[in-house]
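Observations on chain architecture
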Amino acid sequence: MQKILFATSEVYPLIKTGGLADVAASLPRALLKLGQEVKILLPAYTSVLEKAKNAGVKEIAQLNVDGYSISLKQTRLPGTKLTVWLVDAPEFFDRAGNPYCGPDGNDWPDNHKRFYIFAKVAELIALNQVGLHWTPDIVHCNDWQTGLIPALLSLHPHHPATVFTVHNLAYRGLFSYQAFAELNLPAVFWHHERLEFYGQMSFMKGGLAFADFITTVSPSYAQEIQRPEFGCGLDGLMRYRSDSLAGILNGIDTDEWNPGSDSHLNCTYNRRTLANKVKNKQALQEELGLTISADIPLLGFIGRLVDQKGVDLILSQMKDLLSLNCQLVILGSGFPHYEQALKHIAVQYPLKVAVTLGYNESFAHRIEASSDIFLMPSIFEPCGLNQMYSLRYGTLPVVHAVGGLRDTVFESMDETDAEKNNGFVFEEATAAALFAAIQRATNLFHQKDQWKKLQLNAMSKDFSWNTSAKEYQAIYTKITSQ
Ligand code: ADP
Ligand code: GLC
């Protein structure tokens, strides 16, 4: 058994803006099942303290970081046995808005300070300096918000081993030199082999340069980030650290995302009762004012409306897409120009296109269950969870062959390989290639037997954490025995 401090800026259901929150909830649970002792460390955002109330919140330590008095609180992740430690620093985390931006959508101007304070608290806990009588064997950090933790720990001769997981290299946690000077960091960190990145400070580099081991969230992405196209300027460092880099495919929470028991659905279903899936579709068509018909393929999209997700490709094929006899249901929020363009189309084609802007967990479950086809034309995708939710719900994904999408969705024209097929894959990130894949999907949709076979293939794949959690465990063992 090992003791793991799992530092993250999001964890579902306390706070979520994307897939990191899902992983930060489900990986520690899987590790707990394997007999590891895991404590999650999370900032005590206003909404988190509110949501944690029911599970009970108690103060377990008080500490002082650079003159700020901070309270460390303990709660449980709702519905689990997982302990969550909350860094309650009201000056930094008691705010409206999301973890990274204010209600106006702009990044908080003091994000460098907020996640520096968070890292300092992690450092003190890791060194058993807050009076908890608990020393972790491993500190497992996630994305740029936790990047300073391995850097800070490196300053101590005896410190727990560190793992840094890259969920998305595109968010490098960049700040000015001025911001660096505002933090109480040693001057030696301002160096291109440490935090400095082309004249700026990168929190992500802290994790990449100092962690004992780096993981990322799919085998393909681990390869891609060593190349300039996907390396975001950090590919040289990724190549340099390639001996300590592994791609481990994310699992999903198979209880939360289970069409057989999902309480958000109009009608649950499984492989045996797959015929019931269409009842969800009809209910959604009715609710959204779309033409009610089982025979019209319904295409779903859920996600952040940002360049990464390939929204542009969908928008530029919209005319052709609408010429097919299909419907489109979209749920997302993000860049205003994407939101406006999508809304505009929905107003023009109310019987064919429904666009819901905002964040709605329950609606996301219903779209997964109701759609026939799920669109994920991401330009890059470290892992992606929605394609796995889709597969589990018998909703066949159309994906661009990158990162975790390439590792989970298969379409082979070769008869001998066809047994593995579970979706539609296009190689080039072009609108034409996306459209061709959608056409293949909508054509096959009408071949009922073949469609069902693909659905059953998709639904029978194991996306639980069983295998991947063991891979993390093996890395923990390796780096603590070194
Ligand atoms: P990313 O982390 O890059 O956003 P993932 O596919 O890993 O992409 O995870 C996204 C997660 O966020 C999924 O659980 C998805 O269902 C959820 N999600 C994204 N946008 C929304 C939204 N507008 N409403 C509800 N859930 C959303
Ligand atoms: C990031 C990535 C996404 C991944 C998620 C969880 O947000 O964009 O691909 O699934 O993290 O690891």
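Just above, that's the structure.
Residues numbered from 1 in each chain as written. Chains lettered and ligands numbered in written order. Predicted model: local features only at pLDDT ≥ 70, side-chain atom pairs only at ≥ 80, totals over all residues. Heavy atoms only, no water.

**Here's the deal with the sheet that holds strand S10 (residues 200–202)**
To keep it simple, the criterion reads: Here, any two strands with at least 2 DSSP bridges between them count as paired. Counting from the N terminus, the helices are DSSP H or I runs at least four residues long and the strands are E runs at least two residues long. Note on contacts: a residue pair is in contact if any heavy atoms of the two residues lie within 4.5 Å. In this analysis, axes come from line fits to C-alpha atoms, helices being fitted only over the stretch in contact, and the angle between any two N-to-C directions falls in the range 0 to 180 degrees.
An order of S8-S10-S9 is seen for the 3 strands of this open sheet, with the pairing classed as antiparallel. Across the chains shown, the open sheet's two edge strands, defined by having one partner strand only, are strand S8 (174–175) and strand S9 (196–197). Helix-sheet contacts for helix H7 (residues 203–210) involve S8, S9 and S10, and the interaxial angle to S10 is about 55°.

**Describing the site of ligand 1**
Put simply, the test is: Think of it this way: one heavy atom of a residue within 4 Å of a molecule or strand is enough to make that residue near it. Pairs of N or O atoms within 3.5 Å make up the polar contacts considered here, provided that, within protein, one atom can donate a hydrogen while the other can accept it, and that residues adjacent in sequence are counted only when both atoms are side-chain atoms. In this description, accessible areas are obtained by the Shrake-Rupley approach with a 1.4 Å probe, and a residue is regarded as covered only by the protein chains that are shown. In this classification, the charged set is Asp, Glu, Lys and Arg, the nonpolar set is Ala, Val, Leu, Ile, Met, Phe, Trp, Tyr, Cys and Pro, and all remaining amino acids, among them Gly, are polar. Where each domain begins and ends follows an automated or database-derived domain assignment.
Looking at ligand 1, there are 22 residues lining it, with Lys-16, Gly-19, Arg-304, Lys-309 and Gly-358 nearest. Side-chain polar atom of Asp-22 to an oxygen atom of ligand 1: 2.9 Å apart, as the coordinates give it. In the model, an oxygen atom of ligand 1 is placed 2.9 Å from a nitrogen or oxygen of the Leu-385 main chain. Protein chains bury 93% of the 560 Å² of accessible surface belonging to ligand 1 in isolation. Secondary structure elements with two or more residues in the shell around ligand 1: helix H1 (19–33), strand S13 (298–305), strand S14 (327–334), helix H15 (361–370) and helix H16 (386–392). When residues in the shell around ligand 1 are grouped by element, the largest group, 3 residues, is from S13. Considering only residue class, the shell around ligand 1 consists of 7 nonpolar, 9 polar and 6 charged. Formed jointly, the shell around ligand 1 draws a minimum of three residues from each of two domains, domain 1 (3–251 + 465–481) and domain 2 (274–460).

**Re the pattern of salt bridges**
Stated formally: Definition used for salt bridges: Asp or Glu carboxyl oxygen within 4 Å of a side-chain nitrogen of Lys or Arg.
Under the definition given, this model contains 17 salt bridges. Close ionic contact of Lys-16 with Glu-361 constitutes a salt bridge, the shortest N to O distance being 3.4 Å. Pair noted here: Lys-16 is in the loop between strand S1 (3–7) and H1 and Glu-361 is in helix H15, with a separation of 345 residues, a long-range link. Ionic pairing is found between Asp-110 and Arg-95, a salt bridge with its closest N-O pair at 2.6 Å. With Asp-110 in the loop between helix H3 (90–93) and helix H4 (111–126) and Arg-95 in the loop between H3 and H4, this residue pair connects regions lying 15 residues apart in the sequence. One salt-bridge network, held together by shared partners, links Lys-16, Asp-22 and Glu-361.

**Structural notes on the environment of Gly-303**
Rules: Only protein chains enter the accessibility calculation, which uses a 1.4 Å probe. A residue is then buried if its area is under 20% of the maximum for its type, exposed if over 50%, and partly exposed in between.
Among the secondary structure elements, Gly-303 is positioned in strand S13. Residue Gly-303 is classed as buried on the basis of its relative accessible area, which comes to 19%. Put simply, Gly-303 and Leu-265 are 38 residues apart on the chain and 19 Å apart in space, counted from C-alpha to C-alpha. The residues touching Gly-303, leaving out its near neighbours within four places in the chain, are Leu-331, Gly-332 and Ser-333.

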